[in-house]
Amino acid sequence: TYAPLPRLKETYDTALQYPEVVGISVGTRPDCLSDAVLELLENYPRDVWLEIGLESSHDRTLQWLNRAHTWSDFEEAASRTQGRKFDRVVHLIYGLPGESHADMMETTDRVAALGFDSVKLHHLYIAKETPLEALHARGEIPLLSLDEWVILAADIIERLPTSISLQRLAG
């Protein structure tokens, strides 16, 4: 959604010109959603899933991750997408450095209150050749074990309303 509107329209139209394509999924950040893009997505006759990467509701974590947006930016984007003719998905990452179990449950509760259609849960993983990999190699970034993730995921799922579907349980 960061490209110029004509380029986005061309991209989405190209994908949707094929009869076997039943819809599109558009991933973005909350700070990259203009009203013009929302109107474009809303006017497609096929299924559209708008996937917004939040990761955490805590500004200190978002700043540490260099996400270039805040919780307030996400709330504003959620408000502007509410009631539109597309489905809304939020991406969340659990196990981020500096976040406690209570912090992660707070993120879950805050997102649950915003009426999203679906969530994608991710546990923190380390991609090669990234700053996180260097921190992890020095022992500064712990990762959740499988057992820890299963327990945490169960805690998250128990807090989500049954109206929210789970599109992913692990990244």
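Attention here is on the structure that accompanies the text. It should be emphasised that the depicted structure is a prediction, and the values quoted were computed from it without experimental measurement.

A short note on the overall build of the protein chain
Right, on to step 1. A count of helical and extended segments in the protein chain gives seven helices and five strands.
Right, on to step 2. N-terminal to C-terminal, the α/β element order of the protein chain is α-β-α-β-α-α-β-α-β-α-α-β.
Right, on to step 3. Here the C-alpha coordinates of the protein chain stretch approximately 50 × 35 × 30 Å along the principal axes.
Right, on to step 4. The burial tally for the protein chain puts 40% of its 171 residues in the buried class.
Right, on to step 5. Once local pairs closer than 6 in sequence are excluded, the contacts in the protein chain between residues at least 24 apart make up 74%.
Right, on to step 6. Of the roughly 9300 Å² of accessible surface on the protein chain, a fraction of 53% belongs to carbon and sulfur atoms.
Right, on to step 7. Of the charged side chains in the protein chain, 16 are positive and 27 negative; the average position of the first set lies 4 Å away from that of the second.

Points about a nonpolar patch on the surface
Right, on to step 1. Taken together, the side chains of I157, L166 and L169 make up a nonpolar region of the molecular surface, amounting to roughly 230 Å² of accessible area.
Right, on to step 2. Within the secondary structure layout, L166 lies in strand β5 (residues 165–168).

Re helix α5 (residues 101–112)
Right, on to step 1. Here α5 contains 12 residues, and its C-alpha end-to-end distance of 16 Å stays within 8% of the 16 Å for a straight helix at 1.5 Å per residue.
Right, on to step 2. Taken as a whole, α5 has its buried residues at D103, M104, M105, T107, T108, V111 and A112.
Right, on to step 3. Those residues of α5 that are buried are in contact with β2 (47–55), α3 (59–64), α4 (71–81), β3 (87–94), β4 (118–123) and α7 (146–159).

Some thoughts on the packing of aromatic side chains
Right, on to step 1. Enumeration over the complete set of coordinates arrives at four aromatic pairs.
Right, on to step 2. By way of ring pairs, the aromatic residues W71, F74 and F116 are connected into one cluster.
Right, on to step 3. When the ring centre of F116 is taken as origin, the NZ or CZ atom of R88, which lies over that ring, is 4.1 Å away.

Observations concerning helix α1 (residues 5–16)
Right, on to step 1. The end-to-end C-alpha separation of α1 is 16 Å, in line with the 16 Å expected for 12 residues at 1.5 Å each.
Right, on to step 2. Every buried residue of α1 is accounted for by L8, Y12 and L16. In an axial view of α1, the angular spread of the buried residues amounts to 60°, which keeps them on one side of the axis.
Right, on to step 3. The inward-facing, buried residues of α1 abut β1 (23–28) and α2 (35–42).

Focus: the packing of α1 against α2
Two packed helices can be described by the angle between their axes and the distance between those axes.
Right, on to step 1. Two numbers describe how α1 lies on α2: the axes approach to 11 Å, and their chain directions differ by 20°. Between α1 and α2, the angle falls in the class roughly parallel. For the element pair α1 and α2, the recorded crossing hand is right-handed. Across the interface between the two elements, L5, L8, K9 and Y12 from α1 touch A36, V37, L40 and L41 from α2.
Right, on to step 2. When grouped by side-chain class, the residues that make up the contact of α1 with α2 number seven nonpolar, no polar and one charged.

Procedures and definitions
Residues numbered from 1 in each chain as written. Predicted model: local features only at pLDDT ≥ 70, side-chain atom pairs only at ≥ 80, totals over all residues. Heavy atoms only, no water. Helix = DSSP H or I, 4+ residues; strand = E, 2+ residues; numbered from the N terminus. Buried < 20%, exposed > 50% of the residue type's maximum accessible area, 1.4 Å probe, protein only. Contact = heavy atoms within 4.5 Å. Areas by Shrake-Rupley, 256 points an atom, 1.4 Å probe, with all protein chains shown as cover. Lys, Arg positive; Asp, Glu negative; His and termini not counted. Charge placed at Lys NZ, Arg CZ, Asp CG, Glu CD. Patch = residues over 30% accessible without salt bridge, like charges linked within 9 Å, V, L, I, M, F, W, Y side chains within 5 Å. Salt bridge = Lys/Arg side-chain N within 4 Å of Asp/Glu carboxyl O. Expected span 1.5 Å × (residues − 1). Phe/Tyr/Trp six-rings, centres within 6.5 Å; stacked < 30°, edge-to-face > 60°. Lys NZ or Arg CZ within 6 Å of the ring centre and 35° of its normal. Arc of directions from axis to C-beta. Axes fitted to C-alpha atoms, helices over the stretch in contact; angles between N-to-C directions. Parallel < 35°, antiparallel > 145°, perpendicular 65-115°, else oblique. Left-handed = near helix turned anticlockwise from the far one by under 90°. Nonpolar A, V, L, I, M, F, W, Y, C, P; charged D, E, K, R; others polar.

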